[in-house]
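Examining the three-dimensional arrangement
Spelled out, the chains give:
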Amino acid sequence: MYVYDDFDHAFVTARVSQFRDQVERRLAGDLTEEQFRPLRLMNGVYLQLHAYMLRIAIPYGTLNATQMRKLAHIGRTYDRGFGHFTTRQNLQFNWPALKDIPDILAELAEVEMHAIQTSGNCVRNVTADHFAGAAADEIADPRVYAEILRQWSSLHPEFSYLPRKFKIAISGAAHDRAAIRLHDIGLKVVRNGAGEIGFEVFIGGGMGRTPFTAWHLREFLAEGDLLAYVEAILRVYNLYGRRDNKYKARIKILMHEAGLPTVKAQVEEEFERIRDGDLKLSEADIGRYKQFFALPDLATRPTGSAEQAQWEKADPVFAAWVATNVHPHKVPGYASVTVSLKPIGGVAGDATSEQMDRVADIADRFASSEIRVSHQQNLILPHVARDDLKAVHDELAAAGLATANAGLVTDMIVCPGLDYCALANARSIPIAQRLSERLGAPERQAEIGPLQIKISGCINACGHHHVGHIGILGVDRKGEEFYQLTLGGAADEHAAVGEIVGPGFSEGEIVGAVETVIDVYLKRRHGPDETFIAAYRRLGEAPFKEALYGGE
Amino acid sequence: MARIPKSSQIITANRLIDGRAVFFSAGTERWAVDVQKADVYADPVSAEMALKRAELDVAARVVIDPYRIGVTVENGVISPSLLRERIRAEGPTVVGANAIPIEAI
């Protein structure tokens, strides 16, 4: 992974000192809340319902065991012993005191972490495929480019006050595990006819109150032109993005209002002007970053693992976990493991300090000390020998981290909702907990198969409800929580915004409504091989609507 | 901020130093994490006057952004009317391992 140089250390340390001074001035009364608010937000500090919330950047979801232990320590020392992993592959602490945050940031700096640009109208944490650097189907490691973009965008003077926040995601494979079509810029690593690496570029995807899947901006962008092209996009957006209405300020609205041909012409014109300037990436530049993300030294192993096969026969719990939570690796004899942060009835994305420590220990012993955070709010051990899968499973199980549900119905994305968030209109977590309890029996989940439920507690869509196969949006109706159901959304290469199926459901009704939808699917599918989303695309919403609202 | 409630009211804010949701009383504690320690104002005029006093604590760097919320009081137990405010007062409603109740500190 990337290693800080002297400049980076000095930069982050200076930033901690600066924020320490700002906090001291706030507490001394030299800064009003109005003056302090933008300063704290620039350092990831929000004020939520119960307390401040600190959002810590985990660049493209990659961290090592030492960093994970530091997060565990911070949770234990300054918070309430747990943290919350987010869809931006970051970590949030829900209860830090403002007076302690400079110390927390100083501790983070010791392990090359910070909270810069986790809020504000700037380029946020660039996200990437959580199997980056490991996936069997990968063309190139997207983290190389994510890191280059991070360095370029960190405190970029021209792009620190954009019309609105700006999110970039990169997929290293054709199968999109990074939801790139729901990002302001989505980059897909591709090879052209000559075998050269480059990017297919998508623009203007996003969720929130006006969801769009992205427009296709460019078929092939050469690797060396990455920064110049992204800078051209940002420059056009910065000039023409709306600043009169924050709800219309994202680049998706510019795309919608100005149209792809206009924006594309502007971007290409600016790109031509700057493409051979300072931002041109040489092979040497890219090679230097590739070294940071080189595969760890993995001992040669046979492709199949007799050990794994034997335990799959002997232990059905292990076999079920392998079926869902183990992903093919590019190196024979290895696999990537999804560490589920979705225990049945638990809080999606939460991990206790003890669990973080345990994952760090397992990563040290079995996974080259590497850990990833997925945008689906799970953790990943990217490089595990198949011979070690049983040991890893058992260690995870002892920590409550081996739920065999990756990609299944209880592997939900869930925003913090009204239990924590100052913006929320309705609760998300308790709904998810009840759904998880209702649907969580292993045989029930196996019967349902792959199905993504995503829940947001307000229209800002942090829980990605628009792209859930089943999406749930919490709203406030005259002081009561109500939940709208959307069906048919998808976040992958077949990205789609789900359709609202009909009137909303009360808090008491919503779990039953979801189960009704699932039962219609089970009855109407062509067989277990037809997934929920495939069946929905074939059937349309009519049978689901009929079952939900039939007699009305 | 929130609409002005017509019911009985209390004053709430977030504490500057740690962001905690706190509730106003004229007593020595002044800002308590425990909503049951809040002063309840039966009419809008007295709530408005209390809010003016509470706002002095913004300049004094004790709290951020005080505002009034509606409550019901039954058998001496104060309960905010809006779910959002009940959750602020009583803590997250999530169940399980991380459901740590708001303790009075």
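Residues numbered from 1 in each chain as written. Chains lettered and ligands numbered in written order. Predicted model: local features only at pLDDT ≥ 70, side-chain atom pairs only at ≥ 80, totals over all residues.

**Remarks on the overall build of chain A**
Our working rule: Only DSSP runs of H or I reaching four residues or more are called helices, and only runs of E reaching two or more are called strands; each is numbered from the N terminus. As a reference, a globule follows 2.2 Å times the number of residues to the power 0.38, and the radius of gyration itself is taken over C-alpha atoms.
Along chain A, the regular secondary structure elements total 18 helices and 21 strands. Relative to the 2.2 N^0.38 estimate, which gives 24 Å for 552 residues, the radius of gyration of chain A is 23 Å and therefore close to what a compact globule would have. Across its three principal directions, the C-alpha atoms of chain A cover 60 × 60 × 60 Å.

**A look at the domain arrangement of chain A**
Residue and element names in this part refer to chain A. The condition is simple: Each domain's limits were defined by an automated method or a database of domain assignments. Each residue is represented by a C-beta atom placed from its backbone, and any two residues with such atoms within 7 Å are regarded as in contact. Gly counts as polar in this scheme, as do all residues outside two lists: the nonpolar Ala, Val, Leu, Ile, Met, Phe, Trp, Tyr, Cys and Pro, and the charged Asp, Glu, Lys and Arg.
Segmenting chain A into domains produces domain 1 (6-110), domain 2 (135-292), domain 3 (306-398) and domain 4 (413-549). Here the C-alpha centre of domain 4 lies 30 Å away from the C-alpha centre of domain 2. Across the boundary between the two partners, domain 2 contributes 11 residues, which contact 12 residues of domain 4. Within the side of domain 2 that touches domain 4, the residues separate by chemical class into five nonpolar, three polar and three charged.

**Examining the pairing of strand 5 (residues 77-80) of chain B**
Filter applied, for reference: The pairing criterion for strands is at least two bridges between them, as found by DSSP.
Inspection of the sheet shows strand 4 (residues 63-74) of chain B paired to strand 5 of chain B by four bridges, in the antiparallel sense. Counterpart to Val73 of chain B in the pairing with strand 5 of chain B is Ile78 of chain B.

**Some words on the pairing of strand 1 (residues 8-15) of chain B**
All names here are of chain B. The condition that has to hold: To sort residues by exposure, count the other C-beta atoms lying within 10 Å of each residue's C-beta; 20 or more gives buried, 12 or fewer gives exposed, and values between give partly exposed, all with C-beta atoms placed from the backbone.
Within strand 1, six of the eight residues are buried, which leaves the element mostly enclosed by the surrounding structure. In the sheet, strand 1 pairs with strand 4 via seven bridges, with the strands oriented antiparallel. Looking at the pairing, Ser8 lines up with Val71 of strand 4. Bridge count for strand 1 against strand 2 (residues 21-24) is three bridges, and the pairing is antiparallel.

**Here we look at helix 14 (residues 429-439) of chain A**
All names here are of chain A. For helix 14, the buried fraction is high: eight of the 11 residues fall into the buried class. Buried residues of helix 14: Ile429, Pro430, Ile431, Ala432, Gln433, Leu435, Ser436 and Leu439, and no others. Looking at the buried side of helix 14, the elements it contacts are strand 16 (413-414), helix 15 (442-448), strand 17 (453-456), strand 18 (470-477), strand 19 (480-487) and helix 16 (510-524).

**Side note on the sheet that holds strand 8 (residues 185-191) of chain A**
Residue and element names in this part refer to chain A. Here five strands make up an open sheet; going across it, the order is 6-7-8-9-10 and the pairing mixed. The sheet is open, and its two borders are formed by strand 6 (127-128) and strand 10 (215-222), each paired with just one other strand. For strand 6 and strand 7 (residues 168-171), the ladder comprises two bridges, and the chain directions are parallel. Each bridged residue has a counterpart across the sheet, and for Thr127 the counterpart in strand 7 is Ala169.

**Examining the packing of helix 3 (residues 65-78) of chain A against helix 12 (residues 353-366) of chain A**
All names here are of chain A. Here is the rule we go by: For helices, the fitted line uses only the C-alpha atoms of the stretch in contact; every axis is such a line through C-alpha atoms, and the angle between N-to-C directions lies from 0 to 180 degrees. For classification purposes, angles smaller than 35 degrees are called roughly parallel, those larger than 145 roughly antiparallel, those between 65 and 115 roughly perpendicular, and all remaining angles oblique. Crossings are assigned a handedness: left-handed for a near helix turned anticlockwise from the far helix by less than a right angle, right-handed for a clockwise turn.
Look at helix 3 against helix 12: their axes get within 8 Å of each other, and the N-to-C directions meet at 165°. Classified by the angle between their axes, helix 3 and helix 12 sit roughly antiparallel to one another. Seen from above, helix 3 lies across helix 12 with left-handed handedness. Touching Ala65, Met68, Arg69, Leu71, Ala72, Gly75 and Arg76 of helix 3 are Ser353, Met356, Asp357, Val359, Ala360, Ala363 and Asp364, all from helix 12. Per-class residue counts for the contact of helix 3 with helix 12 are eight nonpolar, two polar and four charged.

**Brief notes about the nonpolar core**
All names here are of chain A. Applicable threshold: Nonpolar cores are identified as sets of buried Ala, Val, Leu, Ile, Met, Phe, Trp, Tyr and Cys residues joined via C-beta atoms within 7 Å.
The biggest cluster of nonpolar side chains holds 189 residues, and the ones touching the most others in it are Ile170, Ile203, Ile233, Val359 and Leu381. With 10 residues, helix 6 (residues 226-240) is the largest single contributor of residues to this core. Discounting residues that sit within four places of it in the chain, Ile203 has contacts with Ile185, Ala214, Trp215, Leu217, Ile233, Ile251 and Met255.

**Quick notes on the interface of chain B and chain A**
The partner chain A presents 27 residues to the 23 residues of chain B that form the contact. Per element, the largest residue contribution to the side of chain B that touches chain A is four residues, and it comes from helix 2 (residues 83-90) of chain B. Of the residues in the side of chain B that touches chain A, the class split is 12 nonpolar, six polar and five charged.

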